[in-house]
Number of protein chains: 2
Amino acid sequence: MGEALESKHAQTQLQAINKALASGMFVHVRKMLNSLPPGDIALLLESSPARTRSELWQLLDADFYGDVIEELSEDVRNGIIRQMVPEKVVDALEDMDTDDLAETLSSLPESVSQDVLMSMDEQDRQRAEQALSYGEDTAGFIMNTDTITLRPDVSVDVILRYLRLKGELPEDTDTFYVVSRTDRLIGKVPVTRLLTAVPDITVDELMDEEPEAIPVHMPETDVAKLFERYDWISAPVVDEHHHLVGRITIDDVVDIIREDAEHSMMSMAGLDDEEDTFAPVMQSTQRRSVWLAVNLVTALMAAAVSDLFEATLSQMAVLAILNTIVPSMGGVAGNQTLTLVIRGMALGHVSPSNSRWLVSKELAIGALNGIIWALLIASVIALWKQDFALGGVIAFAMMVNMVAAGLAGATLPIIMKKMKIDPALAGSVILTTITDVVGIFAFLGTATLLLL
Amino acid sequence: MGEALESKHAQTQLQAINKALASGMFVHVRKMLNSLPPGDIALLLESSPARTRSELWQLLDADFYGDVIEELSEDVRNGIIRQMVPEKVVDALEDMDTDDLAETLSSLPESVSQDVLMSMDEQDRQRAEQALSYGEDTAGFIMNTDTITLRPDVSVDVILRYLRLKGELPEDTDTFYVVSRTDRLIGKVPVTRLLTAVPDITVDELMDEEPEAIPVHMPETDVAKLFERYDWISAPVVDEHHHLVGRITIDDVVDIIREDAEHSMMSMAGLDDEEDTFAPVMQSTQRRSVWLAVNLVTALMAAAVSDLFEATLSQMAVLAILNTIVPSMGGVAGNQTLTLVIRGMALGHVSPSNSRWLVSKELAIGALNGIIWALLIASVIALWKQDFALGGVIAFAMMVNMVAAGLAGATLPIIMKKMKIDPALAGSVILTTITDVVGIFAFLGTATLLLL
């Protein structure tokens, strides 16, 4: 992002299509739209308000439905499919790869997905039901089943003759897998190696033995981490008996990597990962209200803490004026720590073996921050309000709250993860509650003791 | 993240190595460490405090230096290279691919990278200097130059014979590029197609003509968007004369996709993208202080606004107690909008042609939110403080601030982008300042007018 330009080409097309649509040139829009690649059509739909979106969909050639649906985010896809008659949905999903089909089906309302499954042919239905049975967000769910397998005792020229007979290979095939008589995965041969091999060599002389394989029940985020860590382009998937059941290619993993990375940002702002920028007003308002409700309770709790010091506040209005500074600084410092630890966890850097070290580090930063900002705020307040005692009180409160912020920011996500709560989702609210309450108590409490 | 398990295997190894290190079993650690793949060694280093990190590095076999350095994040890499003698750095970087080499060199201190360049052989130095000349974060910088090119009039069996002679192909080769006599890119042939083709067919009958190509000066974030949108595994890179100059493979792009997605989250919390979870205390404190300083100024501004109403506050302490509720709700609502718009921009969904629609939508959500939360807070305050007029005042302030939050959250990133300021970096501070100031003004101002 930042200064980087958008892809100019796509932006220009988008504007041209919007303009043509606004002036009712539907024939023109249809022509432009149907000449775009599926990824661009998906981008155009995702960048349009609901009404434009359904107008565009109606102008789209039905042959492209499947390819475009594959590329859409869940929210947008569901909105579009809900408007289609079931037969059209079946047609659109017919030629999809297993992985895309499973994902699309699982995001549809039960009744629609049952209709679609019923009207599919036997073999496709079995493949889809198998993928669905592994459970959403697992390797089995995102894998493709169109692997090409070789036997260890076959020679290269036999394989080449077979491949020439077969004609086309599945999309993005970069590796052939070698399986035993019982379908156990025993090796792999990169496609490029077949090209450079002498014709009479056999597969077992050529293959890499015991390749790394992904268990079919592994969560997709772990699959994504493995692809990132080992720079894989594709990987075989095996069941509990080490039988080859499919393969995962990196283009399926790229979306997971982006979603995982975005998840924390969206959650920390109290948004649904899949929230569509152009969703209808009512739907957006409803989705965002959960977070606002939680925040209202938190804000009222902070107010209740201030309420304990009503007598102090009514005697010294200056305390009311300065009451927000210490909580605010604690909130920012705590959120820095929280965000860093959450990201560290997502990257797999934070583990039980180093979390104690990490907490001490963040405590040290909190203490150092406390000293720096306490001195600074004390000077500002002493100058502004001409009151050194008040400066001392706010400095003390700042010290306490910065240490609390560091401690809470580092320990909260670690504790929440142990309790199987997503730290990105609730961490920031709990943290702010802590820094608000500690900040107000420290400031108004010390002021009550020392200044009255 | 969330409930997903970490990769158990790596975690267990990590703990085993840490334990062995703590008990001084260096021979054992060395053995375990050097049996790991480079990606795992990099993860282990990134998950360790500075001291453990340099102990581990000393135990690592020098043969692995290059492969591990490639996988490290910038901050950690620089820390390690700074401790190495230049000759060792040269040895480590010797066998690197152009793209990794360019990236590593550009992140080193000038003096070290000059030393490294000087001690490289002529051909490698030219390649590295060429990549560096395209400028960091461009396609030319992240591309590899080891493409295999074909001429259109050559037959498949000639190519196969050539490839067998040549032996190994460059890593992750999935496509051969077809160039004219003048090196212009005119087509591409997927590796798999060569396998299934009949031997006497020529390249021009086999190739896809005019393949999509990436201009060498395209920013890397745009390159990443293209890979995501079109599900590419690799793509050719061309110069301004459409001459083939290299290729980009998806494993180089995956890191960019993650970094781009993380950038907003880290920036919004006031953190450097590359901030190392295990950086030394002083370095972390210094980096985070910028954001805390900005927040202190903001908090003081909000206090200054409250200060205008000192007379009101000293007459009604209850206003001081409730003063934080309206700004806090506005801040959360505004941040939801801001986050959504920033993500929409990063995904290329928000453009001039739909931004007016988006702003109206967020204004409508703001107004709706205003009504909902105004009614709720009015009821709570009327019950808690037994004061209906006070409930009315806070309800009015809530309405005003929620609309301001929606407006600011939607327009700020759009305006900032036009001004070429990164909205993720400064947007959240400016937004909070607006919701704080508007919230306090609306609440204390209305209270002064109506309640005194």
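Residues numbered from 1 in each chain as written. Chains lettered and ligands numbered in written order. Predicted model: local features only at pLDDT ≥ 70, side-chain atom pairs only at ≥ 80, totals over all residues. Heavy atoms only, no water.

## As for the relation of the copies chain A and chain B
- The operation relating chain A to chain B is a screw motion whose rotation component is 180°, with 0.1 Å of axial translation and a residual RMSD of 0.2 Å. In the structure described here, the two chain copies are related by an operation that fits a two-fold rotation axis.
- A high fraction, 100%, of the interface residues of chain A reappear at the interface in chain B, so the copies pair face to face through one surface. (Least-squares fit on C-alpha atoms with pLDDT ≥ 70 in both. Contact = heavy atoms within 4.5 Å.)

## Here's the deal with the packing of helix α8 (residues 98-107) of chain A against helix α10 (residues 122-133) of chain A
Residues and elements named next belong to chain A.
- Packing of α8 against α10 brings their axes to within 9 Å, and their N-to-C directions diverge by 65°. Taken together, the axis directions place α8 and α10 in an arrangement best described as roughly perpendicular. The interaxial crossing formed by α8 with α10 has right-handed handedness. Of the residues in α10, those in contact with Thr98, Leu101, Ala102, Leu105 and Ser106 of α8 are Arg127, Ala128, Ala131 and Leu132.
- Split by residue class, the contact of α8 with α10 holds 6 nonpolar, 2 polar and 1 charged. (Axes fitted to C-alpha atoms, helices over the stretch in contact; angles between N-to-C directions. Helix = DSSP H or I, 4+ residues; strand = E, 2+ residues; numbered from the N terminus. Parallel < 35°, antiparallel > 145°, perpendicular 65-115°, else oblique. Left-handed = near helix turned anticlockwise from the far one by under 90°. Nonpolar A, V, L, I, M, F, W, Y, C, P; charged D, E, K, R; others polar.)

## Focus on the interface of chain A and chain B
- Taken residue by residue, the interface counts 138 residues in chain A and 138 residues in chain B.
- Taken together, both faces of the contact between chain A and chain B bury some 12,800 Å²; the carbon and sulfur share is 65%.
- At the junction of chain A with chain B, the criterion picks out 10 salt bridges.
- Two residues, A:Glu228 and B:Arg258, come together in a salt bridge whose shortest N-O distance is 2.9 Å.
- Scanning the region where chain A abuts chain B turns up 34 residue pairs in polar contact (both at pLDDT 80 or more).
- If one sorts the elements of the side of chain A that touches chain B by residue count, helix α21 (residues 352-385) of chain A sits on top with 19 residues.
- Looking at the side of chain A that touches chain B, its residues break down into 74 nonpolar, 34 polar and 30 charged. (Buried area = accessible area lost by both parts, 1.4 Å probe. Salt bridge = Lys/Arg side-chain N within 4 Å of Asp/Glu carboxyl O. Polar contact = N/O pair within 3.5 Å; in protein donor to acceptor, adjacent residues only side chain to side chain.)

## Considering the packing of aromatic side chains
- Summed over the entire model, instances satisfying the criterion amount to 10 aromatic pairs over all chains.
- Seen from their ring centres, A:Trp357 and B:Phe278 are 5.7 Å apart, and the 40° between their planes marks the pair as tilted. Placement of A:Trp357 in helix α21 and of B:Phe278 in the loop between α16 (250-268) and α17 (281-308) is noted, with the two residues assigned to different chains.
- On the accessibility criterion, A:Trp357 (33% relative accessible area) is partly exposed.
- With centroids separated by 4.5 Å and ring planes inclined at 15°, the aromatic side chains of B:Trp57 and B:Tyr65 adopt a geometry described as stacked. As far as the burial class goes, B:Trp57 and B:Tyr65 line up, both buried.
- Feature note: the residues A:Phe227, A:Tyr230 and A:Trp232 constitute an aromatic cluster, connected by ring pairs.
- A:Lys385 extends its terminal NZ or CZ atom over the ring of A:Trp384, reaching a point 4.5 Å from the ring centre. (Phe/Tyr/Trp six-rings, centres within 6.5 Å; stacked < 30°, edge-to-face > 60°. Buried < 20%, exposed > 50% of the residue type's maximum accessible area, 1.4 Å probe, protein only. Lys NZ or Arg CZ within 6 Å of the ring centre and 35° of its normal.)

## Digging into the pattern of salt bridges
- What the rule picks out here adds up to 28 salt bridges over all chains.
- Between B:Arg161 and B:Asp157 there is a salt bridge; the shortest N-O distance is 3.9 Å. Taken together, the residues span about one helical turn, with B:Arg161 and B:Asp157 both in helix α12 (residues 156-166) at a distance of 4 residues.
- The network of salt bridges with shared partners includes A:Glu228, A:Arg343, B:Arg258 and B:Glu262.

## Re the domain arrangement of chain A
All names here are of chain A.
- Split into domains, chain A comes out as domain 1 (9-142), domain 2 (149-249) and domain 3 (281-451).
- Taking the mean C-alpha position of each, domain 1 and domain 2 sit 31 Å from one another.
- Each partner contributes residues to the interface: domain 1 has 7 residues there, and domain 2 has 11 residues.
- Of all residues in domain 1, Tyr134, Ala139 and Ile142 give up the largest surface area on contact with domain 2, accounting jointly for 66% of the area buried on that side.
- Scanning the region where domain 1 abuts domain 2 turns up 0 salt bridges.
- Linking domain 1 with domain 2 are 3 residue pairs in polar contact (both at pLDDT 80 or more).
- Looking at the side of domain 1 that touches domain 2 residue by residue, the classes come out as 3 nonpolar, 2 polar and 2 charged. (Domains from an automatic or database assignment.)

## Concerning the UniProt feature "domain: CBS" (unreviewed entry) in chain A
Residues and elements named next belong to chain A.
- Taken from the UniProt record, the annotation "domain: CBS" (unreviewed entry) applies to residues 143-205 and 207-265.
- As annotated, residues 143-205 has a helix share of 32% and a strand share of 21%, and its two end C-alpha atoms lie 28 Å apart.
- For the annotated span residues 207-265, helix accounts for 46% and strand for 25% of the residues, and the straight-line distance between the end C-alpha atoms is 43 Å. (UniProt positions renumbered as here; feature names shortened; annotations may be inferred.)

## Some words on helix α9 (residues 110-118) of chain B
All names here are of chain B.
- Buried within α9 are the following residues: Val112, Ser113, Val116 and Leu117. Buried residues of α9 fall within an arc of 135° about the axis and therefore sit on the same side. Summarising the geometry of α9, the exposed residues directed more than 90 degrees from the buried face are Glu110, Ser111 and Met118.
- On the buried face of α9, the contacting elements are α6 (74-82), α7 (86-93), α8 (98-107) and α10 (122-133). (Arc of directions from axis to C-beta.)

## As for a negative patch on the surface
- Among the surface-exposed residues, A:Asp67, A:Glu87, A:Asp91, A:Glu94, A:Asp95, A:Asp115 and A:Asp121 lie close enough to one another that they form a single negatively charged patch.
- Its location among the elements puts A:Asp67 in helix α5 (residues 65-71). (Patch = residues over 30% accessible without salt bridge, like charges linked within 9 Å, V, L, I, M, F, W, Y side chains within 5 Å. Areas by Shrake-Rupley, 256 points an atom, 1.4 Å probe, with all protein chains shown as cover. Lys, Arg positive; Asp, Glu negative; His and termini not counted. Charge placed at Lys NZ, Arg CZ, Asp CG, Glu CD.)

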